[in-house]
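# What the coordinates show
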Amino acid sequence: MATFLYKVGRLAFRRRHYVALLWIALLTLAGVGAASAPAAGASSFSVPGTEAQKAFDLLEQRFPGMSADGATARVVFKAPAGEKLDTGANKATVEKTVKKLGDGSEVVSVADPFKGKAVSKDGTIAYASVKYKVSGMELKDASKDALTDTAEQARKAGLTVEVGGDALTATPETGSTEIIGIAIAAVVLVITFGSLLAAGFPLLTALIGVGIGVSTITALASALDLGTTTSTLAMMIGLAVGIDYALFIVSRYRAELAEGRDREDAAGRAVGTAGSAVVFAGLTVVIALVGLAVVNIPMLTKMGVAAAGTVAIAVLIALTMIPALLGYAGKKIKPTGQKSKLLGGGRARSAEKSARPNMGTRWASFVVRRPLAVLLLGVIGLGAAAIPATSLELGLPDDGSQPTSTTQRRAYDLLSDGFGPGFNGPLMVVVDAKDSKTPKADVTTVTDKIKALKDVTTVTPASFNKDGDTATITVVPDSKPSSVTTEDLVHGIRDAGAQVKADTDSSVLVTGTTAMNIDVSQKLNDALIPYLILVVGLAFLLLIVVFRSVLVPLKAALGFLLSVMAALGAVVAVFQWGWLSGLMGVEETGPVMSMMPIFMVGVVFGLAMDYEVFLVTRIREAHVHGEKPSQSIVTGFRHSARVVTAAAVIMIAVFSGFISSSESMIKMIGFGLAIAVFFDAFVVRMAIVPAVLALLGKRAWWLPKWLNRILPNVDVEGEGLRELDSKDSDPDEDRELVRA
């Protein structure tokens, strides 16, 4: 591997014009494709195999004209203090508003609150339901403007009017801190390299890689049903790993220059050694992201595959475009320890200052002297941070989790006040009586059983389809949608449905947003353990090949579990308990998103293995070259601690930039990944890893002889490159690489 990548690096260095033109052409092609592609609609959300999804699919078959996936809006009216809506001018205003709501070309129907009994018992609150032909993301701006303008006119008439539902769905905004995150990354790179030019290379290549990845996703969004969250996630992860991968190769290039190698050879060796670590680190991230497919939620699978594709692009760019840019830079890139003149370079350093151990050396020496104390402190600290995770509550966001400043949240609260907390999360019970001889009797039986259950406020009369073989019943719980009581009610209805199925030939299914949320949470919980086994198992095997050790990959996996549990604890503390919620811009606390645990496991595992590979390969390289275990730890940290620290700070800055997003899912993911990288890089990899290696000594690199014989030798440490020291450059290298 190292020898092959060495040749790739030298070829890219020499043929830099072709390499640069190739990546620019790919970026242009992706950009043109994104610009000419049709606008993507809302990504469809389906959860195959769940009861809620089966009921939804059945409704589409049996009620073809109901536009089950169309956007909805609830226009909620409240009368002025001391007045009612069903009298005088207030009633006239509501009726006029309802009539105007039905004028839009995309409107299917509008339900009059006075005819549909959608007025609260005290007559002060009412709502009109508006149904559209298309989803909220596909709804034209003209239709949204008409909805908000109509509501505003009713407000001017003296009523309180708010609009809920998904008709006002907006494209998520990430905010200005995303740019601040990139700016912080730039400052860290300048400090690390002491050169503006060297610092610019990782940023440039990362932006090109993200540009290609996100543009490709945009171009394929309509055809593959990719939502806006997919491209945001790809951008988030692509920026972070793209900068880090390039950072490691540029840093190794400068180290090779410091050893006196010529620039072309240094570029080849940087790609052969650090590039090998980049390849395997990228593979672990790709495995973790693609592995999300085992959950069998199409939206999650698409997000994972799209982000994995962006990571793969970042790896290829780091291996090819970085050495090409280094070729263009020439002598402007200084060896390690030297700065550009603009940043104070060129001044002579005293012999005492040059010989002084760097921070990485001093820290590693301290850990090697007191490994047990460092290990215990790190494990106890992460364990304490993980304590909030024991009270983790899962759910999917609805209008109740929106900030109180939004009209959707105010509409949600008005409906709760007027009709009860369960009104915002009604359950739809679907009775499939196609095989029954007495469908109406069966539906009556189901209705009676539901009315007899606890926590039921309202059960609407059954509504049959044209064929009379399928009926829908709307059930309004007495508790809010995200409560445990409502979840128990869903299970109670399903248990009653199973009894009906046993006594008759009719099937009973429960669906609706609340039921779907419950099913999604359950599906994700059930998939977490198989996903962990698959992803950690594959990565464990990969790391055995990389490190030629059993204990080092095992330590890596256990360290990851510590960091991800601590990160989940931090997410619960902020988003569920409300700690530091003001600082993070969390206006409303509530259950943690159902996808968060499994998504964090996947992404954090991949990113954690990045630092493991980069750090430990440098330690193993020193060990393979003859150093004692304790000394190899110090050597590895002397060369890589500064760069790993910079990479972690950059990744934290990039992820933190997404905390300001208006989309709660992106906000939570940004915070979760940022804190997870902090825990993993600075506690696990920089403290626990050297402590464990120091305690294990030579046993850390133990590998059974039979396993050593069958494992392929990938030579991540670049041992094969030592043979090149006594050889001149091979003039036929380009042709050998092409044949390879």
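Quick caveat, the model's predicted, so the values are computed rather than measured. (Residues numbered from 1 in each chain as written. Predicted model: local features only at pLDDT ≥ 70, side-chain atom pairs only at ≥ 80, totals over all residues. Heavy atoms only, no water.)

## Topic: the overall build of the chain
Per the secondary structure count, the chain includes 24 helices and eleven strands. Put simply, the chain has 740 residues, and 53% of those count as buried. Of the roughly 32,000 Å² of accessible surface on the chain, 59% is carried by carbon and sulfur atoms. (Helix = DSSP H or I, 4+ residues; strand = E, 2+ residues; numbered from the N terminus. Buried < 20%, exposed > 50% of the residue type's maximum accessible area, 1.4 Å probe, protein only. Areas by Shrake-Rupley, 256 points an atom, 1.4 Å probe, with all protein chains shown as cover.)

## Some details on the side chain of T273
Mapped onto the elements, T273 comes out in helix α9 (residues 263-290). You can call T273 buried: its relative accessible area is 7%. A polar atom in the side chain of T273 sits 2.7 Å from the backbone oxygen of R269. (Polar contact = N/O pair within 3.5 Å; in protein donor to acceptor, adjacent residues only side chain to side chain.)

## A closer look at the nonpolar core
Residues Y245, I249, Y253, L300, M600, F655 and F671 are the most contacted members of the largest nonpolar core, which totals 170 residues. Broken down by element, the residue count for this core peaks at 21 residues, all from helix α22 (residues 664-696). Sequence-distant contacts of I249, that is, excluding residues within four places in its chain, are made with A270, V271, A274, G275, V278, A318, L319 and I322. Counting 23 residues, the second largest nonpolar core, distinct from the first, contains A73, F77, V94 and V161. (Core = buried A, V, L, I, M, F, W, Y, C linked by side-chain atoms within 4.5 Å. Contact = heavy atoms within 4.5 Å.)

## Overview of the sheet that holds strand β4 (residues 160-165)
The strand order across the open sheet formed by four strands is β2-β3-β1-β4, and the pairing between neighbours is antiparallel. Each edge of the sheet is formed by a strand with only one pairing partner; in this case those strands are β2 (107-110) and β4. Shown here is a sheet whose adjacent strand axes are inclined to one another by a mean of 20°, direction ignored. As paired elements, strand β1 (residues 72-78) and strand β3 (residues 125-132) share seven bridges and run antiparallel to each other. Bridge pairing in β3 places R74 opposite S129. (Pairing = 2+ DSSP bridges. Axes fitted to C-alpha atoms, helices over the stretch in contact; angles between N-to-C directions.)

## Notes on the packing of α9 against helix α10 (residues 298-329)
Relative to each other, α9 and α10 sit at 180°, their axes nearing to 9 Å. Classed by the angle they form, the pair α9 and α10 counts as roughly antiparallel. On α10, the residues that touch A267, V271, G275, V278, V279, G282, V285, V286, L289 and V290 of α9 are G304, V305, A307, A308, V311, V315, L319 and P323. (Parallel < 35°, antiparallel > 145°, perpendicular 65-115°, else oblique.)

## Notes on the pattern of salt bridges
One pass over the structure, following the stated rule, counts 17 salt bridges. As a salt-bridge pair, D265 and R261 come within 3.9 Å of each other at their nearest N and O atoms. Of the residues examined, D265 reaches a relative accessible area of 11% and is grouped as buried. Its relative accessible area of 24% is what places R261 among the partly exposed residues. The partner of E612 in a salt bridge is R685, with the nearest N and O atoms 2.6 Å apart. On the criterion of sequence distance, the pair formed by E612 in helix α20 (residues 596-624) and R685 in helix α22 is long-range, its members being 73 residues apart. Each member of the pair, E612 as well as R685, carries the same accessibility label: buried. It is possible to trace a salt-bridge network through shared partners that takes in R252, E256, E259, R261, D265 and R269. (Salt bridge = Lys/Arg side-chain N within 4 Å of Asp/Glu carboxyl O.)

## Re empty space enclosed by the protein
Applying the stated rule across the entire model yields three cavities of 30 Å³ or more. For the largest cavity, the calculated volume is near 40 Å³. Contributing to the lining of the largest cavity are I619, P629, S632, I633, L693, G697, A700 and W701. The element contributing the most residues to the lining of the largest cavity is helix α21 (residues 629-656), with three residues. Split by residue class, the lining of the largest cavity holds six nonpolar, two polar and no charged. (1 Å grid on protein atoms, 1.4 Å probe; cavity = no way out; pocket = protein on both sides within 12 Å on 5 of 7 lines; lining within 4 Å. Points joined across faces, edges and corners; volume = space filled by probe spheres on them. Nonpolar A, V, L, I, M, F, W, Y, C, P; charged D, E, K, R; others polar.)

## Quick word on the side chain of D455
Here D455 shows up in the loop between α15 (439-451) and β7 (456-459). Polar contacts involving the side chain of D455 include one to the side chain of S479, which spans 2.9 Å. Setting aside anything within four residues of it in sequence, one finds D455 in contact with V476, P477, D478, S479, T485, T486 and L489.

## Observations concerning unusual backbone geometry
You will see that N296, though not glycine, has its phi angle at about 65°, which is positive. With respect to the helices and strands, N296 occurs in the loop between α9 and α10. Positive phi is not limited to glycine here, since D455 has a value of about 65°.

## As for helix α3 (residues 51-62)
Taking 1.5 Å per residue as the helical rise, α3 with its twelve residues ought to reach 16 Å, and the 16 Å between its terminal C-alpha atoms agrees with that figure. Within the sequence span of α3, burial applies to A52, Q53, A55, L58, L59 and R62. Taken together, the buried residues of α3 touch β6 (427-432), β9 (470-477), α16 (484-503), β10 (507-511) and α17 (513-547). (Expected span 1.5 Å × (residues − 1).)

## Thoughts on the packing of aromatic side chains
Each aromatic ring pair is described using two quantities: the centre-to-centre distance and the angle formed by the ring planes. Evaluated as defined, the whole model comprises eight aromatic pairs. With 4.8 Å between their ring centres and 25° between their planes, F419 and F423 make a pair best called stacked. Comparing F419 with F423, the two get one shared label, buried. Ring pairs connect the aromatic residues Y127, F419 and F423, which therefore count as one cluster. Taking the ring centre of F13 as reference, the NZ or CZ of R16 above it sits at 5.4 Å. Here the basic side chain of R16 rests over the ring of Y328, its NZ or CZ set 5.9 Å away from the ring centre. (Phe/Tyr/Trp six-rings, centres within 6.5 Å; stacked < 30°, edge-to-face > 60°. Lys NZ or Arg CZ within 6 Å of the ring centre and 35° of its normal.)

## A few points about the environment of D149
With respect to the secondary-structure elements, D149 resides in helix α5 (residues 141-156). Overall, D149 belongs to the partly exposed group, its relative accessible area being 44%. A sequence separation of 48 residues divides D149 from L101, and the C-alpha atoms of the two residues are 9.9 Å apart.

## Brief notes about α17
Over its 35 residues, α17 extends 48 Å from the first C-alpha to the last, a length consistent with the 51 Å expected when each residue adds 1.5 Å. Along α17, the sharpest change in direction is near 35° and occurs at L528; proline P530 comes one to four residues later. Looking at the residues trailing α17, positive phi occurs at R548, about 50°. (Bend = angle between axes of the 7 residues up to and from the residue.)

## Let's talk about the confidence of the model for the chain
Taken residue by residue, the chain gives an average pLDDT of 82. The fraction at 70 or more is 89%. The weakest mean pLDDT in the chain belongs to helix α24 (residues 733-739) at 46; the strongest belongs to helix α13 (residues 371-386) at 94. With pLDDT under 50 throughout, residues 348-354 is counted as low confidence; its partners more than four residues away or in other chains account for two contacts. Low pLDDT, under 50, characterises residues 733-740; the stretch is placed with 14 contacts to residues that sit more than four places away or in other chains. (pLDDT = per-residue confidence, 0-100.)

## With respect to the pairing of β6
Counting buried residues in β6 gives five out of six residues, a clear majority hidden from the surface. One ladder, built from six bridges, connects β6 with β9; its direction is antiparallel. Directly across from V431, in β9, lies its bridge partner A471. By the bridge criterion, five bridges tie β6 to β10 in an arrangement that is antiparallel. Among the inter-strand pairings, M428 is bridged to a residue of β10, identified as T511.

## Quick look at a nonpolar patch on the surface
A contiguous nonpolar surface patch, about 320 Å² in accessible area, is contributed by V294, L534, L538 and L541. Here L538 is to be found in helix α17. (Patch = residues over 30% accessible without salt bridge, like charges linked within 9 Å, V, L, I, M, F, W, Y side chains within 5 Å.)

## Things to note about the packing of α9 against α20
Each pair of packed helices can be described by the angle between their axes along with the distance between the axes. Running from amino to carboxyl end, α9 crosses α20 at an angle of 165°, the nearest separation of the two axes being 8 Å. Between α9 and α20, the angle falls in the class roughly antiparallel. Crossing of α9 against α20: the hand is right-handed. Contact residues: A274, A277, V278, A281, G282, T284, V285, A288 and L289 in α9; G602, V603, F605, G606, L607, M609, D610, V613, F614 and T617 in α20. When the residues that make up the contact of α9 with α20 are grouped by side-chain class, the tally is 13 nonpolar, five polar and one charged. (Left-handed = near helix turned anticlockwise from the far one by under 90°.)

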